[in-house]
Amino acid sequence: AAELAFALEPLPLSELPPPPVLTEEDARDLDAYTLAKSYFDLKEYDRAAYFLQGCKSQKAYFLYMYSRYLSGEKKKDDETVDSLGPLEKGQVKNEALRELRVELSKKHKAQELDGFGLYLYGVVLRKLDLVKEAIDVFVEAAHVLPLHWGAWLELCNLITDKEMLKFLSLPDTWMKEFFLAHIYTELQLIEEALQKYQSLIDAGFSKSTYIISQIAVAYHNIRDIDKALSIFNELRKQDPYRIENMDTFSNLLYVRSMKPELSYLAHNLCEIDKYRVETCCVIGNYYSLRSQHEKAALYFQRALKLNPRYLGAWTLMGHEYMEMKNTSAAIQAYRHAIEVNKRDYRAWYGLGQTYEILKMPFYCLYYYRRAHQLRPNDSRMLVALGECYEKLNQLVEAKKCYWRAYAVGDVEKMALVKLAKLHEQLNESEQAAQCYIKYIQDIYSCGEVVEHLEVSTAFRYLAQYYFKCKLWDEASACAQKCCAFNDTREEGKALLRQILQLRNQGETSSTDVAAPFFLPASLSANNTPTRRVSPLNLSSVTP
């Protein structure tokens, strides 16, 4: 709230809101409250709760209950650190939760809880896994006290899809816009989120660093890396000591392999505060980029000691264990990530990859499907699904996946090649040729020809295909392209010799038949427009 207020123009003295009015109860509890608040700030929660017993005011009652809750959490965390294995960690519970629930539910029924009390009641219900009740209470808390962002955030963590969002009766307030933008980002509905943030900027929050950081995170989620990086750099200029979201920034630098920038960021955050979760994650990413995976895993573990519910660290630690070939530890880390947030597609995808290494395709299929549901337009999930179906010999499903991956915009430019190879396996040579042609057009239309191993495979297949169709010009164009690659050079030369022999024997190609596809002119050896392929029944044609 303070960040948002700072982003707006300051109000003149005459328009400042008056301080809240003290009730008789507040005045009576003031001294006990002030003392307890001091103990609370020193993290002496039991002591704070002791001095607040019997206080009647809303404020004192909330602090009393909240101190008891945090005391239980602190004891739980201390026990978790002392406990030995990860299996025991799940069994450590906050002992205070049940008592708190009983007391708070009585007050709730009597409608004696204020916004903060409702928020705490919701947190207690969530911790006891009573999700449906918790959602209702958080919605009520948002109605009673719309400016308390904590209640909105808790609500965010409990909503798993857009359908759930539709059925919530939320208060009609400007805070709702921030909530919707946040939840859209979480649910990967990035376009809607960006529209919301843009309208908030237009409404006067243009200086808000919170909104700028959220927009950067949104671009990170749709993998628009350049845009996200430029926004993060701008944010660093405006708020140089900010640590929040810097782990996301480091993920982007990692993906781009920007070692000097990542090193600078890690050192910079270390100077500001080395015992922050985000700092540990940035340093972990830095070591990971330098291929020091043991050290990276150590820093992610350190992050999780500071905050066991920190999602990013669990997922990144899973990735490190994968690099170290420790699949069981990776699976455990990814599972923890999913426990914290079921919407984390990276953890589902990571689990799919681990089971792929363990050669368990049915498990893979389940996890890749979950990842795909969360990111329906991400070609990487679709290609992974296709590979799974291929291993399970469900080739029709695999073809659908590869085609869809190509249709949504293939990031790694591999879907068409895999589709072509499937057509090859099924002896559908015409479709295979079509896929290879599309693939080559795609690669060359990027402007730069990337070092793609599969380009040579595509040219080799097309050369042989045109050769079978007796289209010597196209065959020789593709064969000459083959000569440019090491792995197909010999085959290309052999094919050129064969074509030359057949031409000398006076064989001519069939020129009068039109076909639905052709090789891009820029790729034929001498840049002459190529003839179209004849749609022959290839099974009966011998070269």
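Residues numbered from 1 in each chain as written. Predicted model: local features only at pLDDT ≥ 70, side-chain atom pairs only at ≥ 80, totals over all residues. Heavy atoms only, no water.

> Even after reading the chapter, I still don't get the environment of L253, so can you show me in this structure?
Within the fold, L253 resides in helix 15 (residues 246-255). Exposure remark for L253: the relative accessible area of 2% places this residue in the buried category. Sequence-wise, L253 and L229 are 24 residues apart; in three dimensions their C-alpha atoms are separated by 7.9 Å. Beyond its immediate chain neighbours, meaning those up to four positions away, L253 contacts L229, M258, E261, L262 and L265. (Helix = DSSP H or I, 4+ residues; strand = E, 2+ residues; numbered from the N terminus. Buried < 20%, exposed > 50% of the residue type's maximum accessible area, 1.4 Å probe, protein only. Contact = heavy atoms within 4.5 Å.)

> Quick question: what am I supposed to make of the UniProt feature "repeat: TPR" (unreviewed entry) in the protein here?
Those places that UniProt annotates as "repeat: TPR" (unreviewed entry) correspond, in this numbering, to residues 277-310 and 311-344. Along residues 277-310, the helical share is 79% and the strand share 0%, with 8 Å between the first and last C-alpha atoms. Structurally, residues 311-344 comprises 79% helix and 0% strand, and the distance from its first C-alpha atom to its last is 8 Å. (UniProt positions renumbered as here; feature names shortened; annotations may be inferred.)

> What is the right way to read a positive patch on the surface from this model?
Taken together, the side chains of K93, R98, R101 and K109 present a region of like positive charge at the surface. Mapped onto the elements of the fold, K93 is located in the loop between helix 5 (86-89) and helix 6 (97-109). (Patch = residues over 30% accessible without salt bridge, like charges linked within 9 Å, V, L, I, M, F, W, Y side chains within 5 Å. Areas by Shrake-Rupley, 256 points an atom, 1.4 Å probe, with all protein chains shown as cover. Salt bridge = Lys/Arg side-chain N within 4 Å of Asp/Glu carboxyl O. Lys, Arg positive; Asp, Glu negative; His and termini not counted. Charge placed at Lys NZ, Arg CZ, Asp CG, Glu CD.)

> Explain the packing of helix 2 (residues 24-41) against helix 3 (residues 45-52) here, please?
The angle between the axes and the distance between the axes are what describe a pair of packed helices. Running from amino to carboxyl end, helix 2 crosses helix 3 at an angle of 170°, the nearest separation of the two axes being 8 Å. For the element pair helix 2 / helix 3, the angle class is roughly antiparallel. Facing A32, Y33, L35, A36, Y39 and F40 of helix 2, the residues of helix 3 in contact are Y45, R47, A48, F51 and L52. When its residues are assigned to classes, the contact of helix 2 with helix 3 shows ten nonpolar, no polar and one charged. (Axes fitted to C-alpha atoms, helices over the stretch in contact; angles between N-to-C directions. Parallel < 35°, antiparallel > 145°, perpendicular 65-115°, else oblique. Nonpolar A, V, L, I, M, F, W, Y, C, P; charged D, E, K, R; others polar.)

> How do you make sense of unusual backbone geometry when you look at a structure like this?
Phi is mostly negative for residues that are not glycine, and the peptide bonds are mostly trans. Its identity as a non-glycine residue notwithstanding, N245 has a phi of 65°, on the positive side. Turning to its location among the elements, N245 is positioned in the loop between helix 14 (225-238) and helix 15. The phi dihedral of K359 is positive, around 55°, even though this residue is not glycine. Counting through the fold element by element, K359 comes out in the loop between helix 21 (345-357) and helix 22 (361-374).

> Please explain the side chain of S208 as it appears in this structure.
Tracing the backbone shows S208 in the loop between helix 12 (190-205) and helix 13 (209-221). Residue classification places S208 among the buried positions, given a relative accessible area of 1%. Engagement of the side chain of S208 in a polar contact is seen with the backbone nitrogen of I211, the distance being 3.2 Å. With residues up to four places along the chain from it excluded, the contact list for S208 reads L4 and A7. (Polar contact = N/O pair within 3.5 Å; in protein donor to acceptor, adjacent residues only side chain to side chain.)

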